[in-house]
Amino acid sequence: MDFNLNEFQREILDLSDKLLGDYCTQARLRKAEDTGYFDAELWQQMADAGLLGLALPESLGGMAQDFETLTVLLEQLGRHVAPVPALPVLATASLPLLPYANAACVQAALRAVCSGEGMLTAALVEPSINKASAPQTRAEGRDGKVYLTGEKTCVPAGMQASACWTLAQDGSEVGIYLFACEQEGVARRVQETTNGQSLAYFSLDGAQAELLVKGADVDAVLTAARHYQRAATAALATGLCEGMLALASEHCSQRQQFGRALGSFQAVAHQLADCYIDKECLRVASERAACQLRDGGDADESSLVAAYWATEALHRISHRSQQVHGGTGVDRDYPLFRYCLWARQLEMDLGGQNSLLAALGSNIAAAHAA
Amino acid sequence: MNIELSAEQQAFSQKIRDYMSQHMMTDDFKAELACEEFSHGGGPIYWQKMRQLGADGWIRYSWPEELGGAGADPVEQYLLVDEAKRAGFPWPALSANSIGPVFAKHAQPEIRDKIVGEILGGEAYLAIGYSEPSAGSDLASLRTRAERDGDDWIINGQKIWTSCANFSQYIWLAARTDPDPAKRHKGLTIFLVPTNSVGYSCTLIHTMGVVTTTTYYQDVRIPDCYRVGEVNGGWPLITGQLNVERLSLVSYGHVAKLYDETLKLLCSDTVYSELLATPWVQRNLAVAKARLSALKLMCLKSAWKIEQGGSGMVEASATKVFGSELYVELGRLMAEILAPASNLRGAQDAVLNGLMEHWYRKGTVHTFGGGANELQRSIVATAGLGLPRGA
């Protein structure tokens, strides 16, 4: 048992903290709000520092580090509310494709992620309200090529992405397809979302694509994507919670009312103590999921538990942090609101707490059926 | 980072689990513990088990080597207590972990070796006499007096919630030796009072969960050699209890027991299949599982921090609050699944041998015992978050 980071991870922590400290100033973050909360210069700086390829293979320009090391970076991104789509690009979209990295199109997409020249995303949501239904998007072969037709919504980093993978049905068979975003068959429009990041709505009308996976392997890729999304969100959320709690503690130490610091009132201090406990629960759950994904084996339970704690801590800490700040906390000239909007974004991107508990509960029941 | 126990640590846990099930939690002992009078220990089989526990070296296990212990690290100490409590053994936390080693370090030579021998041999138990009818969380306001009379001390006063005093050989007593109440915690001294002293008496308090006691001290005369530590120097001995001890109050195995047992019951027979397939039942199980997973890691990480040389104070306080409130929450989540039968008592009807029913009755003490959660939250706020101290 050893909860310490290794030497390399500490270097990544210091490097990213320094870089993000320089780039995530209030002035720059405000400016990023005009561009879909995306700072292209910071993203390129991260690429140049090797951070975008942190967990991608050396042969593609990456640093070949494990997932746990990537979570060190993700936590710092949360701590600074960095205006970059690292979570969907580096974790959810890229890592599940590593088993297929011998395909030329996957190699090209991941190489572009490492260098910053391109961005890979995954379009996992369709407009249909029924979340469990099979994808409505169709794949059709013509003249030895495959074309996709259908609609995708809430695509993270969708406006910046150069490549995207998604689900489609060829006849009755579901497959995973990769397509270039800049092509005639792809129309995308920006979708505004609560934390200011741009998502995208994709209308695919004969978008040329490559089949990556079909049959049973589809589930393996989707499962991996869910695990990475959940665990990576927990790491990012840990950083957001640290950030919110640091602001709230500082505010309550300085702000005087009734002739005393706010934090000297137990009703205030104890709310923040509860936030601290939630944050520490999230941290250990996140660490466990990261180690489990690093080591292989079934990460279903640990990533669900980490995601549960992310939803719990994000919701409770953001509201309590707002509460102890009073009006200051909601003022857009004060940094707290960005953390809170991200908290809400991540919580719902995970599908919400009850869907996570339903999945966890059904796993427990299945494992303990008489 | 490696959040798993090492192979040695896992083997250690397994060894304790086997030891507890094979040698300690025998059927006759379980039957004795089921009697309310002996539910904390004190019955004839309890003393047999304690002597065996001592002879097998487990009471001394986490004592420092210089005090005659085996010098187990805080993680091993945590695992030992965790497994014992998971098995349902009334672990002698006070003599084995918190008070025993402090006594051995600060006791006067005239009595030390004899009493340390009794403690380590499982022949004597110490009860803690801190709380008084008018001194609970504000311990420094306690009023029990000890006055010097030649080579002796005369003790007068009353203690309450002196758990286990009804079968203990000694009371680890905090008394006021400086009559000036303004001195507060600087006027307190620790004494070890033999429970066979003239003027000492003990009455039972029947709580809704367990039996505890009130202890009375009427002109109890004890020689100065039973004073522990300096005169008016008692406070550091009271507060210096290891933070790992606080962790043990809410150790994972202790809290998870109800979840483990409920799940075992649900998969023991197909009559429970429909229940197990019910969405809200699955949700209750999932909430319990997600929160217990965090408790397990919080406990281990806190013990690891202490092993690494940290004080672990904030971690232990945070874990104590979380674990004790989870204990209460868990009692509800699991009981709901089998309600209304979850409230049944008696050998014929009780679910899980009564575990489910008495969890609620016994569990409420966890949030205020071992340092009220309000005090723990204040520690987290000031030491963990740097907030200013309250008024």
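The text that follows walks through the structure, step by step, so that each part is easy to find.

### What about the pairing of strand S6 (residues 186-192) of chain A?
Residue and element names in this part refer to chain A.
Inference 1: Bridging between S6 and strand S7 (residues 198-214) involves seven bridges; their strand directions are antiparallel. Bridge pairing in S7 links Ala187 to Ser203.
Inference 2: Between S6 and S7, which pair antiparallel one after the other, the connecting turn spans five residues, and Gly196 there sits at a positive phi close to 90°.

### Let's talk about the side chain of Thr162 of chain B
Inference 1: Position of Thr162 of chain B among the secondary structure elements: in the loop between strand S3 (152-160) and strand S4 (170-176).
Inference 2: Thr162 of chain B gets classed as buried once you look at its relative accessible area, which sits at 0%.

### Remarks on unusual backbone geometry
Backbone phi values are negative for most residues with the exception of glycine, while trans is the configuration of most peptide bonds.
Residues and elements named next belong to chain B.
Inference 1: Residue Pro340 is bonded to the preceding Ala339 through a cis peptide linkage, with omega at 0°.
Inference 2: Along the chain, the position of Pro340 falls in the loop between helix H12 (313-338) and helix H13 (355-363).
Inference 3: With a phi angle near 60°, Trp161 is a residue other than glycine that sits in the positive phi range.
Inference 4: Among the structural elements, Trp161 can be located in the loop between S3 and S4.

### Points about the interface of chain B and chain A
Inference 1: Across the contact, 47 residues belong to chain B and 48 residues belong to chain A.
Inference 2: The largest share of the area that chain B buries against chain A comes from Met1, Lys301 and Trp304 of chain B, three residues that together contribute 19% of it.
Inference 3: On the surface where chain B and chain A come into contact, there are four salt bridges.
Inference 4: The closest approach of N and O atoms between Glu287 of chain A and Lys301 of chain B, which form a salt bridge, is 3.1 Å.
Inference 5: Across the contact surface, chain B and chain A share 15 residue pairs in polar contact (both at pLDDT 80 or more).
Inference 6: When contributions to the side of chain B that touches chain A are tallied by element, the ones reaching two or more residues are helix H9 (252-266), helix H11 (279-307), H12 and helix H14 (373-384) of chain B.
Inference 7: In terms of residues, the side of chain B that touches chain A owes the most to one element, H11 of chain B, which gives 15 residues.
Inference 8: Looking at the side of chain B that touches chain A, its residues break down into 27 nonpolar, eleven polar and nine charged.

### Observations concerning the pattern of salt bridges
Residues and elements named next belong to chain A.
Inference 1: Under the counting rule described, the total for this entry stands at 42 salt bridges over all chains.
Inference 2: For Asp295, the salt bridge identified is with Arg294, shortest N-O distance 2.7 Å.
Inference 3: For Asp295, a relative accessible area of 52% gives the class exposed.
Inference 4: Among the residues examined, Arg294 registers a relative accessible area of 24% and is labelled partly exposed.
Inference 5: Counted as one network, the salt bridges with shared partners bring together Glu75, Glu242, Lys279, Glu280 and Arg283.

### Concerning the packing of aromatic side chains
Residue and element names in this part refer to chain B.
Inference 1: One pass over the structure, following the stated rule, counts 20 aromatic pairs over all chains.
Inference 2: Ring centres 6.1 Å apart and planes at 65° place the aromatic pair Phe12 and Trp58 in the edge-to-face group. With Phe12 in helix H1 (residues 7-24) and Trp58 in the loop between helix H3 (44-55) and helix H4 (74-86), this residue pair connects regions lying 46 residues apart in the sequence.
Inference 3: With a centroid separation of 5.6 Å and 65° between ring planes, the pair formed by Tyr200 and Tyr217 is classed as edge-to-face. Within this pair, whereas Tyr200 is found in strand S6 (residues 200-206), its partner Tyr217 is found in strand S7 (residues 211-223), the two being separated by 17 residues in sequence.

### Focus: the nonpolar core
Inference 1: By size, the foremost hydrophobic cluster in this structure holds 241 residues, and its most contacted members are Trp165 of chain A together with Trp91 and Trp172 of chain B.
Inference 2: Ignoring any residue separated from it by four or fewer positions in sequence, one finds Trp172 of chain B in contact with Ile99, Val102, Phe103, Ala127, Ile128, Gly129, Tyr130, Ile190, Phe191, Leu192, Val228 and Leu237 of chain B.
Inference 3: Judged by nonpolar contacts, the second largest core, of 16 residues, contains Ala139, Tyr177, Ala200 and Ala207 of chain A.

So, how was this worked out
- Residues numbered from 1 in each chain as written.
- Chains lettered and ligands numbered in written order.
- Predicted model: local features only at pLDDT ≥ 70, side-chain atom pairs only at ≥ 80, totals over all residues.
- Heavy atoms only, no water.
- Pairing = 2+ DSSP bridges.
- Helix = DSSP H or I, 4+ residues; strand = E, 2+ residues; numbered from the N terminus.
- Buried < 20%, exposed > 50% of the residue type's maximum accessible area, 1.4 Å probe, protein only.
- Contact = heavy atoms within 4.5 Å.
- Buried area = accessible area lost by both parts, 1.4 Å probe.
- Salt bridge = Lys/Arg side-chain N within 4 Å of Asp/Glu carboxyl O.
- Polar contact = N/O pair within 3.5 Å; in protein donor to acceptor, adjacent residues only side chain to side chain.
- Nonpolar A, V, L, I, M, F, W, Y, C, P; charged D, E, K, R; others polar.
- Phe/Tyr/Trp six-rings, centres within 6.5 Å; stacked < 30°, edge-to-face > 60°.
- Core = buried A, V, L, I, M, F, W, Y, C linked by side-chain atoms within 4.5 Å.

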